[in-house]
Amino acid sequence: VTGKGMNSPERILFSPEKIYMNWRQKRRPGAGLYNLGSTCYLNVVLQCLTYTPPLANYLLSRQHSRCCRQQGFCMMCIMEDHVRKVLYSSATAIRPRAVIRDLKCKQWQVLQQVFLPPLRGELLTSVSVIGQFKPDIPGDAYEFLRCTISAMQKACLSEGSDVDLSAQETTIIHQIFGGILRSRVMCLTCRAVSDFYRTFLDVLLKIKETSTLTSALEDFVTPKEMDGKKNVKCNRCKKKVTASKMVTVHHAPRVLTVCLGRADDDSTRKICQVVEYPEYLDLRPYMSDTAGEPLLYSLYALVVHSGETCLGGHFFCYTKASNGQWYKMNDISVDSCAIDMVLGQQAYLLFYAR
């Protein structure tokens, strides 16, 4: 077995001991968000991130802004200001004008183009926010989430500093959302194995032929024969061979973000089926080492897309506030709800915390 992509960082950019998974302060739910055109996809991402306990704890402490040296656009400073306004506001709803104003700048567009990996048509909607952010143009919540996380990661890296790739994975953002996937490639001729490792900030699951989150995860880690007849060169066989690949979670993130891919690859239709998901998830069966102790996660937020097609519709979300109560957040509306309602949705994005 050989492995590639696992290097020890030269230095740690943020101490993991300073990450608090439970809320440091308990309070009532914060304000709702006005829809300023077609910004529901933006609102749900902002709300889910606001109610991500380890991220909110960090942003509320103002640790970033006190030492930020970035000139101009800084997504961490934007999020810090936004989270404070939402959670400390006495108003029932606020307008995220500052966020929208900053997302119109050229620096945000450049960050999207550089740091957002291509999704190959896997978005829920066909309307991309890349390079054309406007409040009145619909966007996709998953794409906006990935752009936002990437921009926050960029903000955690000092401008012009020479930080190795492994050290970049020790920022507060990577230590909250980041994990490691292992791809095990096996030669089907001689059974030789090679391991390759890569970081991830979210997991995209296919749901077309499944009805539960656990079965979608089982399919995700099931070995599959690689596309093409003989496209892998085996070091032992000294020639190109057919091979299988098995992807497993090698290092689990503190916060697991899952996208249930609702875009049908074979058509422009949306996959509208309900996929059951648990309040508590054990990630251990999907790890590289399945023999360890249970690895339990608790659901704390989810995004729902309503609408029959991928080209329109509306986004809203459910979040668990610091007081332990669930709330449905539909733009300006913030209404308490029971867990049974939360677990019965046609979910698009799921957020689980260790």
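Residues numbered from 1 in each chain as written. Predicted model: local features only at pLDDT ≥ 70, side-chain atom pairs only at ≥ 80, totals over all residues. Heavy atoms only, no water.

Caption draft 1: The arrangement of the overall build of the protein chain in detail. Looking only at helices and strands, one finds eleven helices and 17 strands in the protein chain. Put simply, the protein chain has 354 residues, and 49% of those count as buried. Accessible area for the protein chain stands at about 17100 Å²; split by element, carbon and sulfur atoms hold 49% of it. (Helix = DSSP H or I, 4+ residues; strand = E, 2+ residues; numbered from the N terminus. Buried < 20%, exposed > 50% of the residue type's maximum accessible area, 1.4 Å probe, protein only. Areas by Shrake-Rupley, 256 points an atom, 1.4 Å probe, with all protein chains shown as cover.)

Caption draft 2: Fine view of the nonpolar core. Among the nonpolar cores identified, the biggest contains 58 residues, and Leu49, Met76, Ala141, Met152, Val303 and Leu349 are the most heavily contacted of them. Once residues within four sequence positions are removed from consideration, Met76 is found in contact with Tyr58, Leu59, His64, Met152, Ala155, Cys156, Ile172 and Ile173. Leu217, Ile271, Leu295 and Trp326 belong to the second largest nonpolar core, which has 35 residues in total. (Core = buried A, V, L, I, M, F, W, Y, C linked by side-chain atoms within 4.5 Å. Contact = heavy atoms within 4.5 Å.)

Caption draft 3: Region of interest: the pattern of salt bridges. Evaluation of the coordinates by the stated rule reveals three salt bridges. For the salt bridge of Asp202 with Arg146, the shortest nitrogen-to-oxygen distance reads 3.3 Å. Here Asp202, found in the loop between β5 (193-200) and β6 (203-206), pairs with Arg146, found in helix α7 (residues 141-156); they are 56 residues apart in sequence, far enough to count as distant. Summarising the burial analysis for this pair, Asp202 and Arg146 share the class buried. Note that Asp195 and Arg184 form a salt bridge whose closest N and O atoms lie 2.7 Å from each other. With Asp195 in strand β5 and Arg184 in strand β4 (residues 179-187), this pair connects stretches of sequence that are eleven residues apart. Overall, the relative accessible area of 2% leaves Asp195 in the buried class. Look at Arg184 and you get partly exposed, because its relative accessible area is 25%. (Salt bridge = Lys/Arg side-chain N within 4 Å of Asp/Glu carboxyl O.)

Caption draft 4: Structural detail: the pairing of strand β17 (residues 347-353). Within β17, seven of the seven residues are buried, which leaves it mostly tucked inside the rest of the structure. Of the pairings in the sheet, the one linking strand β11 (residues 255-261) to β17 comprises five bridges and is antiparallel in character. Paired with Thr257 across the two strands is Phe351, which belongs to β17. Judged from the six bridges that link them, strand β13 (residues 296-306) and β17 form a sheet pairing that is antiparallel. The residue of β17 that forms the bridge with Leu302 is Leu350. (Pairing = 2+ DSSP bridges.)

Caption draft 5: Quick peek at the packing of aromatic side chains. All chains considered together, the criterion is met by five aromatic pairs. A cation over a ring is seen here: Arg95 above Tyr34, with NZ or CZ 4.0 Å from the ring centre. Against the face of Phe316 rests Lys328, its NZ or CZ located 4.8 Å from the ring centre. (Phe/Tyr/Trp six-rings, centres within 6.5 Å; stacked < 30°, edge-to-face > 60°. Lys NZ or Arg CZ within 6 Å of the ring centre and 35° of its normal.)

Caption draft 6: The arrangement of the packing of helix α1 (residues 40-50) against helix α4 (residues 75-88) in detail. Across the interface, α1 lies against α4 with an axial gap of 10 Å and an inter-helix angle of 80°. With respect to α4, the element α1 is oriented roughly perpendicular. Contact with α1, carried on its side by Leu46, Gln47, Leu49 and Thr50, involves Met79, His82, Val83, Val86 and Leu87 of α4 and no other residues of that element. Classifying every residue of the contact of α1 with α4 by side-chain character gives six nonpolar, three polar and no charged. (Axes fitted to C-alpha atoms, helices over the stretch in contact; angles between N-to-C directions. Parallel < 35°, antiparallel > 145°, perpendicular 65-115°, else oblique. Nonpolar A, V, L, I, M, F, W, Y, C, P; charged D, E, K, R; others polar.)

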